[in-house]
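Each chain is listed here by its residues.
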Amino acid sequence: MSMGVELPLFDRVMTPAERRKLLRPKPKWRGLHAAEPGSGPPGETCGTCLNLMRKHLSKTYLKCRRVHSRWTGGGGTDVRAKDPACSKWV
């Protein structure tokens, strides 16, 4: 027998939108970034960073200059200009 006031587990039922947001996985960013995308200044993107490099071959590929030593010939190291800026943003 408890001597305190019983608090309800939930104050209210979650709406379907809140449930979807809770169950939505954290976005997995493609490409090879110098740090976690979104950890930089709010409102900035990779496209506004001085470390963004455009590698011109038969197409133009966007790469992060800070991780030049880890580039490969595949698309796995390409970044997108609209990705949120990381903490290494300049």
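Rules of the game
- Residues numbered from 1 in each chain as written.
- Predicted model: local features only at pLDDT ≥ 70, side-chain atom pairs only at ≥ 80, totals over all residues.
- Heavy atoms only, no water.
- Helix = DSSP H or I, 4+ residues; strand = E, 2+ residues; numbered from the N terminus.
- Buried < 20%, exposed > 50% of the residue type's maximum accessible area, 1.4 Å probe, protein only.
- Contact = heavy atoms within 4.5 Å.
- Areas by Shrake-Rupley, 256 points an atom, 1.4 Å probe, with all protein chains shown as cover.
- Phe/Tyr/Trp six-rings, centres within 6.5 Å; stacked < 30°, edge-to-face > 60°.
- Lys NZ or Arg CZ within 6 Å of the ring centre and 35° of its normal.
- Core = buried A, V, L, I, M, F, W, Y, C linked by side-chain atoms within 4.5 Å.
- Pairing = 2+ DSSP bridges.
- 1 Å grid on protein atoms, 1.4 Å probe; cavity = no way out; pocket = protein on both sides within 12 Å on 5 of 7 lines; lining within 4 Å.
- Points joined across faces, edges and corners; volume = space filled by probe spheres on them.
- Nonpolar A, V, L, I, M, F, W, Y, C, P; charged D, E, K, R; others polar.

Undergrad: Give a detailed account of the overall build of the chain, specifying residues and quantitative values.
TA: Within the chain, the regular secondary structure consists of one helix and two strands. Listing every helix and strand of the chain by position from the N terminus yields α-β-β. The 90 residues of the chain split such that 22% are buried. Residue pairs at least 24 apart in sequence account for 60% of intrachain contacts in the chain once pairs closer than 6 positions are excluded. Carbon and sulfur atoms form 59% of the exposed surface of the chain, whose accessible area is close to 7,400 Å².

Undergrad: How would you explain the packing of aromatic side chains if you had to name every residue and give the values?
TA: Scanning all chains against the criterion turns up zero aromatic pairs. Sitting above the plane of the Trp71 ring, Lys63 keeps its charged end 5.9 Å from the centroid.

Undergrad: Outline the environment of Arg30, listing residues and values.
TA: As for its position among the elements, Arg30 is in the loop between helix H1 (16-23) and strand E1 (52-56). Apart from residues lying up to four places away in sequence, Arg30 is in contact with Asp78 and Asp83.

Undergrad: So what about the nonpolar core? Which residues, and what values?
TA: Membership of the largest hydrophobic core is limited to seven residues, which are Leu32, Leu52, Leu62, Cys64, Val67, Trp71 and Val79. Sequence-distant contacts of Trp71, defined by excluding residues within four places in its chain, comprise Leu32, Met53, Lys55, Lys63, Cys64, Arg65 and Thr77.

Undergrad: How would you summarise the pairing of E1 if you had to cite specific residues and measurements?
TA: In this structure, E1 lies alongside strand E2 (residues 60-64), joined through five bridges in antiparallel fashion. Counterpart to Met53 in the pairing with E2 is Lys63. Where E1 folds back on E2, the antiparallel hairpin that results is connected by three residues.

Undergrad: How would you summarise empty space enclosed by the protein if you had to cite specific residues and measurements?
TA: Applying the stated criterion to the full structure yields one cavity of 30 Å³ or more. There is about 110 Å³ of room inside the largest cavity. Lining the largest cavity we find His33, Ala34, Cys46, Cys49, Asn51, Leu52, Cys64, Arg66, Ala85, Cys86, Lys88 and Trp89. Tallied by class, residues from the lining of the largest cavity come to eight nonpolar, two polar and two charged.

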